[in-house]
Amino acid sequence: MIIRNEKVTDIDAIIKYEKLTAQTPSFLVSILDELTPVYYQKLIASSDIDLIFFIVENEKQVVGHAYLLPMSLKALSHVYRLTIVIHPNHVNQGIGKLLMDTLMKAAREKDKINKIESLVRSSNKRAIHLYEKYGFKTEGILKKRIRLSESEFLDDITMGWFSKAIS
């Protein structure tokens, strides 16, 4: 496996496995028809944001990605939002750890990153455990935030990590 920076040519592969991931209830909030290339085209092509974005390849196939995206308001610009997605056929292979090792190293090297936030589905115990291993703490629970069906809802857990500069 190799880890590298993202490229615009990765978008189709990212969308393909995000659609597979979205078929597992509660892993992604997005539903299938919301997963279009437009978001990633804008994200990757934008030069005015301080995005940190990594791809993991296994045998030249994109199998995971993660990024830290700064909040857009100046008063929140020290806060970055974490997103991580791993191809469903490649979970439990150390890809999440590889991505988190790389992201956290990059975060520690940037003085402007003081906090990383992530929203984690309450059912995603694997992600919660991974984040906790990297020092993330639960900051709150957003009750019944995600609608799975007309009568079924899921909580979102807010988790945060602070740099040594402000902890």
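Because the structure is predicted, anything quoted here is derived from the model rather than measured. Every chain is numbered on its own, with residues counted from 1 as its sequence reads. Two thresholds apply to this predicted model, a pLDDT of at least 70 for residue-level local features and 80 or more for giving and counting side-chain atom pairs, whereas whole-chain, interface and lining totals are computed over all residues. The basis for the side-chain values is all heavy atoms of the structure; hydrogens and waters are excluded.

**Brief notes about the overall build of the chain**
Here a helix means four or more residues in a row that DSSP labels H or I, a strand means two or more in a row labelled E, and each is numbered from the N terminus. Helix and strand content of the chain: four helices and seven strands. N-terminal to C-terminal, the α/β element order of the chain is β-α-α-β-β-β-α-β-α-β-β. With residues, only the protein chains shown are counted as cover, and all accessible areas are computed by Shrake-Rupley using a 1.4 Å probe. Accessible surface, the chain as shown: approximately 9700 Å² in total, 53% of it carbon and sulfur.

**What to know about unusual backbone geometry**
Phi at Glu 59 takes a positive value of approximately 55°, unusual for a residue other than glycine. Inspection of the secondary structure assignment puts Glu 59 in the loop between β2 (52–58) and β3 (61–70). Look at Lys 60: it is not a glycine, yet its phi comes out positive at around 65°. Following the sequence through the fold, Lys 60 ends up in the loop between β2 and β3. Think of it in three bands: with a 1.4 Å probe and only protein chains considered, a residue is buried below 20% of the maximum accessible area for its type, exposed above 50%, and partly exposed in between. Accessibility expressed as a relative area gives 80% for Lys 60, which makes it exposed.

**Describing the nonpolar core**
Definition used in this section: a nonpolar core is a set of buried Ala, Val, Leu, Ile, Met, Phe, Trp, Tyr and Cys residues joined via side-chain atoms within 4.5 Å. Ranked by internal contacts, the top residues of the largest apolar core, which has 29 residues, are Leu 68, Met 100, Ile 116, Tyr 131 and Phe 136. Sorting the residues of this core by element identifies β2, β3, β4 (79–86), α3 (95–109), β5 (115–121), α4 (125–133) and β7 (153–162) as the ones contributing at least two each. For this core, the leading source of residues is α3, giving seven residues. Any two residues whose heavy atoms approach within 4.5 Å at even a single point are treated as in contact. The residues touching Phe 136, leaving out its near neighbours within four places in the chain, are Leu 82, Met 100, Met 104, Ile 116, Tyr 131, Met 159, Gly 160 and Trp 161. Formed by 13 residues, the second largest nonpolar core is a distinct cluster that contains Ile 11, Tyr 40, Phe 53 and Val 85.

**Re the confidence of the model for the chain**
pLDDT is a per-residue confidence score from the predictor, ranging from 0 to 100. With 90% of its residues at a pLDDT of at least 70, the chain reaches an overall mean of 87. Per-element averaging of pLDDT across the chain places helix α2 (residues 37–45) at the bottom with 77 and α3 at the top with 96.

**Overview of the packing of aromatic side chains**
Note on aromatic pairs: the rings of Phe, Tyr and Trp (six-membered ring only in Trp) are paired at centre separations within 6.5 Å, and the planes decide the class, stacked below 30 degrees, edge-to-face beyond 60, tilted for the rest. Per the stated rule, a full pass over the model turns up two aromatic pairs. Their ring planes at 20° and their centres at 5.0 Å tell us that Phe 53 and Tyr 67 sit as a pair that is stacked. Of this pair, Phe 53 sits in strand β2 while Tyr 67 is found in strand β3, placing the two residues 14 residues apart along the sequence. Residue Phe 53 shares its accessibility class with Tyr 67, and that shared class is buried. Summarising the aromatic geometry, the rings of Tyr 131 and Phe 136 are spaced 5.3 Å apart at their centres and angled 35° between planes, so their arrangement reads as tilted. The pair Tyr 131 / Phe 136 is uniform in exposure class, with both members buried.

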